[in-house]
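# An overview of the molecular structure
Listed here are the chains, written in short residue letters.
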Amino acid sequence: PRILASPPRNLIGQAQSGSGKTAAFTLGMLYRIQVDTPATTQALCVTPTRELAIQIVDKAITPMAANMQGLKIALAIAGAEVDRKVGVDAHLVVGTPGKLVDWLKRKYLKANGIKVFVLDEADEMVGADGHRASSQLLKKAMPKTCQSLLFSATFPEAVVTFASKMDNKPDKILIVDGPEFL
């Protein structure tokens, strides 16, 4: 409910593996997308690895969006090509920080229509020894009204503090272990 709220609310979510985090943020992204032609990029999901990006598209987004006719999805990973004249032709983009920053800098990816920004494995994405600089650059490119969803299985206190500064007053759902701690 917090992800689907109107107006959108920012969220930091932490729960163990297998608890449904990917399904939660995928539902949030799909809920906010208006399928249009030509496609306006409206949701962006950033992951630390290309394998995770592919898994999110294949195992979560594609099956959950099966009835969204005309929805276009792009993978922004090593080896992915973009027509320079057209740019990214997708409603939803999932990719790695390096490739997404590159597409932004080359103006292939237009951030002005993005409604939902997701950092998966956010502890790695905003951790001091992870992809912090790229994550900050991507976040700064998002419109002020863009919803931010940060999800991870683990969230050390320092990372929660940093992520909270990165987001505008995020709700926090931090589950210690099982449902009994919710």
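Refer to the structure presented above.
Here is a short report on the structure shown in this document. (Residues numbered from 1 in each chain as written. Predicted model: local features only at pLDDT ≥ 70, side-chain atom pairs only at ≥ 80, totals over all residues. Heavy atoms only, no water.)

### Some remarks on the pattern of salt bridges
Summed over the entire model, instances satisfying the criterion amount to 4 salt bridges. For K72, the salt bridge is made with D89, and the minimal N-O distance between the two is 2.7 Å. With a gap of 17 residues between them, K72 in the loop between α2 (50–64) and β3 (73–76) and D89 in the loop between β3 and β4 (92–95) connect regions that are remote in the sequence. A relative accessible area of 34% means that D89 is categorised as partly exposed. Residues D102 and R106 are paired through a salt bridge, measuring 2.7 Å at the closest nitrogen-oxygen approach. Via salt bridges that share partners, R2, R9 and D171 belong to a single interconnected network. (Salt bridge = Lys/Arg side-chain N within 4 Å of Asp/Glu carboxyl O. Helix = DSSP H or I, 4+ residues; strand = E, 2+ residues; numbered from the N terminus. Buried < 20%, exposed > 50% of the residue type's maximum accessible area, 1.4 Å probe, protein only.)

### Some words on the side chain of T47
Assignment of secondary structure puts T47 in the loop between β2 (43–46) and α2. Among the polar contacts made by the side chain of T47, one reaches the main-chain carbonyl oxygen of T49 at a distance of 3.0 Å. (Polar contact = N/O pair within 3.5 Å; in protein donor to acceptor, adjacent residues only side chain to side chain.)

### What to know about the packing of helix α3 (residues 97–105) against helix α5 (residues 132–141)
Contact geometry of α3 with α5 gives a least axis separation of 10 Å together with a crossing angle of 40 degrees. As judged from the angle between their axes, α3 and α5 are oblique. As α3 runs across α5, the sense of the crossing is left-handed. The residues of α5 that touch α3, namely those facing P97, L100, V101, L104 and K105, are S134, L137, L138 and A141. (Axes fitted to C-alpha atoms, helices over the stretch in contact; angles between N-to-C directions. Parallel < 35°, antiparallel > 145°, perpendicular 65-115°, else oblique. Left-handed = near helix turned anticlockwise from the far one by under 90°. Contact = heavy atoms within 4.5 Å.)

### Describing helix α6 (residues 157–166)
Residues of α6 that are buried include every one of V159, V160, F162, A163, S164 and M166, and no others. Close packing links the buried residues of α6 with β1 (11–14), β5 (116–120), α4 (122–126), α5, β6 (147–152) and β7 (171–174).

### Some points on helix α1 (residues 21–32)
In a regular helix each residue adds 1.5 Å, so 12 residues correspond to 16 Å; α1 covers 17 Å between its end C-alpha atoms and thus fits that length. Taken together, the buried positions of α1 are occupied by K21, F25, T26, G28, M29, L30 and R32. (Expected span 1.5 Å × (residues − 1).)

### Let's talk about unusual backbone geometry
The omega torsion of the bond from S6 to P7 falls at 0 degrees, within 30 degrees of zero and hence cis. Checked against the element boundaries, P7 lands in the segment before β1. The omega torsion of the bond from T37 to P38 falls at -10 degrees, within 30 degrees of zero and hence cis. By the element assignment, P38 lies in the loop between α1 and β2. A positive phi is found at K107, a non-glycine position, where the angle reads about 65 degrees. Following the sequence through the fold, K107 ends up in the loop between α3 and β5. By relative accessible area, K107 is classed as exposed at 65%. Positive phi, close to 55 degrees, is recorded for E121, a residue that is not glycine.

Everything listed here is a matter of coordinates, which is why it stays silent on function.
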